[in-house]
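For reference, the chains in residue letters:
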Amino acid sequence: EPEVTQTPSHQVTQMGQEVILRCVPISNHLYFYWYRQILGQKVEFLVSFYNNEISEKSEIFDDQFSVERPDGSNFTLKIRSTKLEDSAMYFCASSDNRILNSPLHFGNGTRLTVT
Amino acid sequence: AQTVTQSQPEMSVQEAETVTLSCTYDTSENNYYLFWYKQPPSRQMILVIRQEAYKQQNATENRFSVNFQKAAKSFSLKISDSQLGDTAMYFCAFMRANTGNQFYFGTGTSLTVIP
């Protein structure tokens, strides 16, 4: 079964540094998402992306965050200047909204640690 | 805004027994979808079961079933014949039936299956 893949599985970075989290969604999916989960807390929506543009974003997704689909397969999340509170598990997801009731398919996540 | 509430932070069940996890939600939408996701210690988010709001029949997926009460805005998950591999965090999620597909997650219930 096709799956969403995320790299790296764990990223350690210093406060103030830029970080790029990478995702390869399922190939025939049209919608892409980033969610984050601070340790021990619930999964929070960051942003959704469709047709090469952001379709929705949350309050968390401020100017420090950006997303890009640089080619036909990758979907990236960039944090320009990381803060300690950005430490979390970041999940990429995709869905095929051509199929009614299409659920999110999640990747295994990237654990981001900001020191 | 949509909210999803899981009032049981932790639960435990004996192996082979049945357990029910609660979820309530608040929305003004009439057409939406509900999901249960499982997050084992590996942290991957795995779809367990889904329910369309327009369907009165409760969804069933092997040992997993839901009790969907639309008027009460309740969506509980029943796990029958619990297995050790069911030990995980379980998240209830709500999705509006429009473009963007933003999911709203509850805070999760940590389920431990006791041998």
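1. Some remarks on the overall build of chain B
- From N to C terminus, chain B includes zero helices and twelve strands.
- N-terminal to C-terminal, the α/β element order of chain B is β-β-β-β-β-β-β-β-β-β-β-β.
- Radius of gyration (C-alpha) of chain B: 14 Å, near the 13 Å computed for a compact globule of 115 residues.
- Taking the principal axes of its C-alpha atoms as reference, chain B extends roughly 40 × 25 × 20 Å.
- Put simply, chain B has 115 residues, and 50% of those count as buried.
- Pairs at least 24 apart in sequence give 55% of the contacts found in chain B among residues at least 6 apart.
- Accessible area of chain B: about 5,400 Å², with a carbon and sulfur share of 45%.
- One way to put it: in chain B the 9 positive side-chain charges average out to a point 8 Å from where the 9 negative ones average out.

2. Examining the interface of chain A and chain B
- With 25 residues of chain A at the contact, the number on the chain B side is 22 residues.
- Here chain A meets chain B over a buried area of about 2,100 Å², counting both sides, of which 50% is carbon and sulfur.
- Here chain A and chain B share five residue pairs in polar contact (both at pLDDT 80 or more) between them.
- If one sorts the elements of the side of chain A that touches chain B by residue count, strand 4 (residues 31-37) of chain A sits on top with four residues.

Parameters and conventions
- Residues numbered from 1 in each chain as written.
- Chains lettered and ligands numbered in written order.
- Predicted model: local features only at pLDDT ≥ 70, side-chain atom pairs only at ≥ 80, totals over all residues.
- Heavy atoms only, no water.
- Helix = DSSP H or I, 4+ residues; strand = E, 2+ residues; numbered from the N terminus.
- Rg over C-alpha atoms; globule rule 2.2 N^0.38 Å.
- Buried < 20%, exposed > 50% of the residue type's maximum accessible area, 1.4 Å probe, protein only.
- Contact = heavy atoms within 4.5 Å.
- Areas by Shrake-Rupley, 256 points an atom, 1.4 Å probe, with all protein chains shown as cover.
- Lys, Arg positive; Asp, Glu negative; His and termini not counted.
- Charge placed at Lys NZ, Arg CZ, Asp CG, Glu CD.
- Buried area = accessible area lost by both parts, 1.4 Å probe.
- Polar contact = N/O pair within 3.5 Å; in protein donor to acceptor, adjacent residues only side chain to side chain.

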